[in-house]
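Topology and contacts: notes
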Amino acid sequence: MAIKERMSGNEAVSYAIRQVNPDVMPAFPITPSTEIPQMVSTYIANGEMDTEFIPVESEHSSMSAAIGAEAAGARSLTATSSAGLALMWEELLLAASNRLPLVLTLVNRTLSGPININCDHSDGMGARDTGWIQIYAENNQEAYDNFIQAYPIAEDTRVHLPVMICQDGFITSHAVENIELLEDDKVKNFVGEYEPEEFLLNPGKPIAVGPYSVSNYAMEAKKNQEIAMENSKEVILEIAKKFKDMAGREYGLFEEYKTQDADYIMLIMGSAAGTAKQAVDELREQGKKVGVLKLRVFRPFPAKEIAEALKNCKAAAIMDRCESYNGNGGPLGSEVTAGLFYHKVNIEAVNYIYGLAGRDFTISDVNSVFAELEDMVVNGKEVEQHKYIRLR
Amino acid sequence: MRTDITKINEKTPHDRLTEGLMVFNGGTSKLFKTGEWRTNTPVFHADLCKQCLLCAPVCPDGSIPVKDSKRLEFDMDHCKGCGICANVCPFGAIEMKEGNI
Amino acid sequence: MSDYSLKTMMNKPERLAPGHRMCAGCGATIAVRAVLRGLHEGDHAVIGNATGCLEVSSFMYPYTAWEDSYIHNAFENAGATLSGVETAYHALKKRGRLPKDETFKFITFGGDGGTYDIGFQSLSGAMERGHDMVYVCYDNGAYMNTGIQRSSATPMYADTTTTPVGKQSNGKMQNRKDLASIIADHDVPYVAQTTFTNDFKDLHRKSEKAIYTEGASFLNVMTPCPRGWRYDTAEIMKICKLAVDTCYWPLFEVDHGKWTLSYEPKKKLPIEDFLKPQGRFKHLFKKGNEELIEQFQKEVDRRWEDLLYKCAR
């Protein structure tokens, strides 16, 4: 029987961490993810879980210690946001290149400067080429469900890559919403025991981790890492299927909301997808053929699947909660359009930048975007390819 | 499967390398012969040696094997010829000769 | 450790295999071999390593010189990385996933760059948290791996590639950081400073004590670098002896807060004796630079007096 509760995103992920009860968690406080190590520490203090918590002196050290613990044979995780993730950057690459299946729960917050504590995706997007699987949540329920699926994906022998479970800072992490939780034993069974084949603490079977490599090996190692990332796509889908069988909730690489016959589709990621869906419901009532493609899995990037999903629409709005500073749009703008091009899908597309550093994004914004797409297609209105929403 | 590094070389295809370039074994460096670097070579005069073993810990390359508290011949596969051992020997039992002998 | 015998110690199986690519005459691997002899036979170890000469030379894929499990992560995080490994050990033991009768010890090696400088925060964190591990700094007094750049462990007036001696420069302008004291001020159970002595008893005793003292320990081992210090490779033991007998590198330990001098030279030699054989101090012996040597001597004396004071308390 599902347990009906009301929780914030941080509470939901912390609850899932308690249920999984990993071996080691090093963490360092940073808004808005701080509550996660706080809540985990409280669970431990109250004897409700027995993960070894390491109160490290920086995020660089939290990822370093997580790498050490995972290589040692312990299921490990950490949590962070924003500058914390940026400080980990070097270590994110090492977690992936050492093929360590650890998990990071990221509570998305903008990167400095200026220093600002609110949500955008610049932290997660900044880590997009570090070799981590990245899964984004729309709400607390998805953050919870995604976390439960994280270790089975990461630890699959076809993958052996670290997984980042992302939720929007404050909007998801701190807002209390209804949630359906799973029973502890169901979660434990689903995630299973961690049984690595080779690890540092295997008596009599020493291993060596983190070599210097001449170029004759390094390029091949990087390709192997890339293959693992490609493999992860089918594993993510397999785990989602198993999760559906257990929990009844369905997940894919992305969610297609009323896109079947849609002329105009908004591609969006994270909590703003909820706003977009509500706007679509209202526009549908007015007879507008609009839909939402909510991206869940950003790494591996499902370019082919997105191209397939968008190929029949007339125009797509590609929504970036992040600026790339490349003079040409945001990260989703670049990757989605490249995917459309490679798969010969020639539709109109506009890259919108929205919600930076916690700027509001509302139903009326979604309506304006769809209206603009329609104006562009029907009336031939010229629209800039790289537009800011709600910029003064 | 423990790593057999004799099956790994600079022509090995990517799918035959170890995951994350980890090595699932210890002490595999023994197969790399640093003795080729030598420009000077120690010569051991066993007759002069009093087995004090002062030479054994000072070797940066563990190339003075010890068994039953007695030093054996140099491990010429790995000795780099630095000459530290010859310098510490109180009995002149190690002589440095020019070249890689 | 009255029963120390070099002849018995040398029977122990080597835990650092030959075939590593350190330079001929390198001090770092002499230190590693000696530290690892401090492990009891039958005990396992996980070795950590900061990026540096030792790391790139001892695990060049697929050649690992380490007979024990080994992890290199990055330059600045050897302390944090081994914190994670050590914590994993407790987690796995607690959860019955490791055999009860198997013991692991945790030792990490970092050069002075990775320890005094870029890895300082990570080291400090690991020491403060009290992980049951030993951090060994092999201190050769500069960034040798990248080509002899100054570090905060480089002695004053040393000629390095970022403090080059020239018309307007006498080498490094600052004194070296006293890291052993700083770590001792973390109130960890055991801190020691040592280098190579004839029979390696001092280094052995301190290594064994550091490894088997519960909690965080720190060893600062001076490991001369023939390339960076510019002396003939064969001379390493002489250099170490002079460092100790001039009191440039005193041997001491801080055991649960108690400072003890491990060796006091019968006759304290002038600092020139240590500086003279090293090319990095050659400029100090030019006419007109006598004052620089005096300055150097003053600093050595000041630190030595300070150490004697601490040990007399």
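Residues numbered from 1 in each chain as written. Chains lettered and ligands numbered in written order. Predicted model: local features only at pLDDT ≥ 70, side-chain atom pairs only at ≥ 80, totals over all residues.

With that settled, the discussion passes to the environment of B:Thr12. All names here are of chain B. Topologically, threonine 12 is positioned in the segment before β1 (40-44). For threonine 12, a count of 15 C-beta atoms within 10 Å gives the class partly exposed. For the pair threonine 12 and cysteine 52, spaced 40 residues apart in the sequence, the C-alpha separation amounts to 46 Å. (Helix = DSSP H or I, 4+ residues; strand = E, 2+ residues; numbered from the N terminus. Buried ≥ 20, exposed ≤ 12 C-beta atoms within 10 Å, placed from the backbone.)

Residue and element names in this part refer to chain A. Ordered by their spatial adjacency, five strands build an open sheet running β4-β5-β7-β6-β13, and the pairing between neighbours is mixed. Here the strands that pair on one side only, and so sit at the sheet edges, are β4 (77-80) and β13 (297-299). Here the average twist between neighbouring strands, direction ignored, is 20°. The pairing of strand β6 (residues 133-136) with strand β7 (residues 163-168) spans four bridges and is parallel. Counted as the bridge partner of glutamine 134 is methionine 164 from β7. (Pairing = 2+ DSSP bridges. Axes fitted to C-alpha atoms, helices over the stretch in contact; angles between N-to-C directions.)

What follows concerns the UniProt feature "domain: Thiamine pyrophosphate enzyme TPP-binding" (unreviewed entry) in chain C. Under the feature "domain: Thiamine pyrophosphate enzyme TPP-binding" (unreviewed entry), the UniProt entry names residues 51-221 of chain C. The span residues 51-221 of chain C shows a helical share of 33% and a strand share of 21%, and its end C-alpha atoms are spaced 17 Å apart. (UniProt positions renumbered as here; feature names shortened; annotations may be inferred.)

All names here are of chain A. The omega angle of the peptide bond from threonine 31 to proline 32 is 0°, so this bond is cis rather than trans. Looking at the secondary structure, you find proline 32 in the loop between β2 (24-27) and α2 (35-45). Note that the residue after serine 112, namely glycine 113, is joined by a cis bond; omega there is 0°. Tracing the backbone through its elements, the reader meets glycine 113 in the loop between β5 (103-108) and α6 (122-126). Within the chain, arginine 390 stands out as a residue other than glycine whose phi angle is a positive 65°.

This paragraph deals with helix α5 (residues 89-97) of chain A. All names here are of chain A. Residues of α5 that are buried: Glu91, Leu92, Leu94, Ala95, Ala96 and Ser97. On the buried face of α5, the contacting elements are α3 (59-72) and α9 (215-247). Directly after α5, the chain includes arginine 99, whose backbone phi takes a positive value near 60°. (Contact = placed C-beta atoms within 7 Å.)

Tracing the chain through its elements places A:Tyr342 in helix α12 (residues 331-342). Sequence separation of A:Tyr342 and A:Asp261 is 81 residues, and the distance between their C-alpha atoms is 23 Å.

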